[in-house]
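In case you want the letters, here they are:
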Amino acid sequence: MQKPVRKAVFPVAGLGTRFLPATKAMPKEMLPVVDKPLIQYAIEEAKAAGIEQFYFVTGRAKSAIEDHFDLAFELEATLRDRGKSELLDELQEWLPAAGQLAYTRQQLPLGLGHAVWCARNLIGDEPFAVLLVDDLMVGEPPCLKQMIDAYAGIGGNIVAVIEVPREQTRRYGVLDVVEDSGTLVRAKGVVEKPEPAVAPSTLTIIGRYIIQPEIFDHLGALTPGSGNEIQLTDGLDRLIAAGQSFHGMRAAARRFDCGDKLGYLEANVALGLQHPELGAALRSVLQRYL
């Protein structure tokens, strides 16, 4: 019987250079989509999936993330004094409990695989989730909940996947598929950013993973690969080579690539239109520009 997935890693050490100058002094993970920062969406998704421990792999100038998930005594006292109990409740309801959060540093920008490896002592000998905050996933049930439900039946390693045009394979980790049953596909390998002509498929990994802890041994032994970084996909490929099962899941969720300026703007428009208080007014505003 496989162990449950109780822990999640959030790699948040990136510099956010694609959003400069906005991210010069503010972590990109704190960029707001409507009225919540990106990191909060990821935490809420993980909580809804039953995650109990939340581990951030940070870098320099990321203290705003830690502050966001801490109590804000002056702000909360002001809201209490002014009778704004609804706002106060909203601030407190999504906070993880004391002891559920931990932080570790990735001192050097050596890639996603290295960032995940930095969390090895926090994870220990358990399967774990990885959530990339740039990929904002909107679905019901949430994307990670769908994956954990599937994991309960098949175990092993599971990644969220989408189909992309073949000319875009050089931007993603791509699955080498051996069996496709619709929602789930079984893979015999993963290739990091292959050229379109040699890509084994157009089924690509996006920022949600359930991974077995043996990956830490593989990541620790890897030399830098594509982009002179330790690639998580190379570690996943070694898990497959070692005989572990590996599946991709076409989650019933919409992905917004918030690491891209246009994708970020689209997320604000899409979620703004769904907002119970702002949606109708935003629709009216947008019509003036279209």
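For every chain, the first residue of its written sequence is number 1, and the numbers climb from 1 along that sequence. Since the coordinates come from a predicted model, pLDDT governs what is reported: local features require at least 70, and pairs of side-chain atoms require 80 or more to be given and counted, while whole-chain, interface and lining totals use all residues. Heavy atoms throughout the structure, all of them, feed into the side-chain values; hydrogens and water do not.

A. The arrangement of the pairing of strand S9 (residues 173-180) in detail. By the bridge criterion, seven bridges tie S9 to strand S10 (residues 184-192) in an arrangement that is antiparallel. When the bridges of S10 are listed, Asp176 appears paired with Gly189. The pairing criterion for strands is at least two bridges between them, as found by DSSP. Numbering of helices and strands starts at the N terminus; helices are DSSP runs of H or I of at least 4 residues and strands are runs of E of at least 2. Hairpin connection between S9 and S10: a loop of three residues separates the two successive antiparallel strands, and Gly182 in this loop has a positive phi of roughly 105°.

B. Highlighting the nonpolar core. For the purposes of this section, nonpolar cores are sets of buried Ala, Val, Leu, Ile, Met, Phe, Trp, Tyr and Cys residues that join through side-chain atoms within 4.5 Å. Accessibility here uses a 1.4 Å probe with only protein chains present; expressed as a share of the type maximum, an area under 20% marks a residue as buried, one over 50% as exposed, and anything in between as partly exposed. In terms of nonpolar packing, the biggest core is built from 47 residues, with Phe10, Ile39, Ile51, Phe56, Phe69, Leu136 and Leu144 touching the most fellow members. Contact partners of Ile51, with chain neighbours within four places excluded, come to Val5, Arg6, Lys7, Ala8, Ala46, Ala129, Leu144 and Ile148. Throughout, a residue-residue contact means that at least one pair of heavy atoms, one from each residue, lies within 4.5 Å.

C. Spatial organisation of the packing of helix H3 (residues 73-81) against helix H4 (residues 85-93). At a minimum axis separation of 8 Å, H3 and H4 run at an interaxial angle of 150°. By the angle between their axes, H3 is roughly antiparallel relative to H4. Each of Leu75, Glu76, Leu79 and Arg80 in H3 lies in contact with H4, whose residues at this interface are Leu87, Leu88, Leu91 and Gln92. Under the grouping applied here, Gly and all other residues not named as nonpolar or charged are polar, the nonpolar ones being Ala, Val, Leu, Ile, Met, Phe, Trp, Tyr, Cys and Pro and the charged ones Asp, Glu, Lys and Arg. Here the residues of the contact of H3 with H4 sort into five nonpolar, one polar and two charged. Note on method: axes are straight lines fitted to C-alpha atoms, helices fitted across the in-contact stretch only, with angles between N-to-C directions ranging 0 to 180 degrees. Working definition: roughly parallel below 35 degrees, roughly antiparallel above 145 degrees, roughly perpendicular at 65 to 115 degrees, and oblique for all remaining angles.

D. Spatial organisation of the pairing of strand S4 (residues 53-58). In terms of burial, S4 is a largely internal element, six of the six residues being buried. Side-chain alternation along S4 places Gln53, Tyr55 and Val57 on one buried face and Phe54, Phe56 and Thr58 on a second face that is also buried. For strand S1 (residues 7-11) and S4, the ladder comprises five bridges, and the chain directions are parallel. Within S4, the position partnered with Lys7 by the bridge is Gln53.

E. Spotlight on the packing of aromatic side chains. Centres within 6.5 Å are what make two rings of Phe, Tyr or Trp a pair, Trp counting through its six-membered ring; a difference in plane orientation under 30 degrees is then read as stacked, over 60 as edge-to-face, and the rest as tilted. Using the criterion set out here, one finds six aromatic pairs in the structure. Between Phe10 and Phe56 the ring centres are 5.4 Å apart and the planes differ by 25°, which places this aromatic pair in the stacked class. Of this pair, Phe10 sits in strand S1 while Phe56 sits in strand S4, placing them 46 residues apart in sequence. Assigned by exposure class, Phe10 and Phe56 land together as buried.

F. Examining the layout of surface pockets more closely. By volume, the largest pocket amounts to about 1400 Å³. A 1.4 Å probe that fits but cannot get out identifies a cavity on a 1 Å grid over protein atoms alone, an open set with protein on both sides within 12 Å along at least five of seven lines counts as a pocket, and a residue lines either if it has an atom within 4 Å of a point. For the largest pocket, the lining is made up of 47 residues, of which Arg18, Lys28, Leu112, Leu132 and Asp134 are closest to its centre. Elements supplying a minimum of two residues to the lining of the largest pocket: helix H5 (112-117), strand S11 (203-211), helix H9 (232-241) and strand S13 (254-257). In the lining of the largest pocket, the residues fall into 20 nonpolar, 14 polar and 13 charged. Considered as a void within the structure, the second largest pocket measures approximately 440 Å³ in volume. If you trace the second largest pocket, you find 17 residues lining it, with Lys36, Tyr41, Glu44, Val138 and Leu271 closest to the centre. For the lining of the second largest pocket, the secondary structure elements donating two or more residues are helix H1 (38-48), strand S7 (135-138) and helix H10 (261-274). Here the lining of the second largest pocket is composed, by residue class, of nine nonpolar, three polar and five charged. Grid points are joined across faces, edges and corners, and a volume is the space filled by probe spheres set on the points.

Interpretation in functional terms is not warranted from these geometric data alone.
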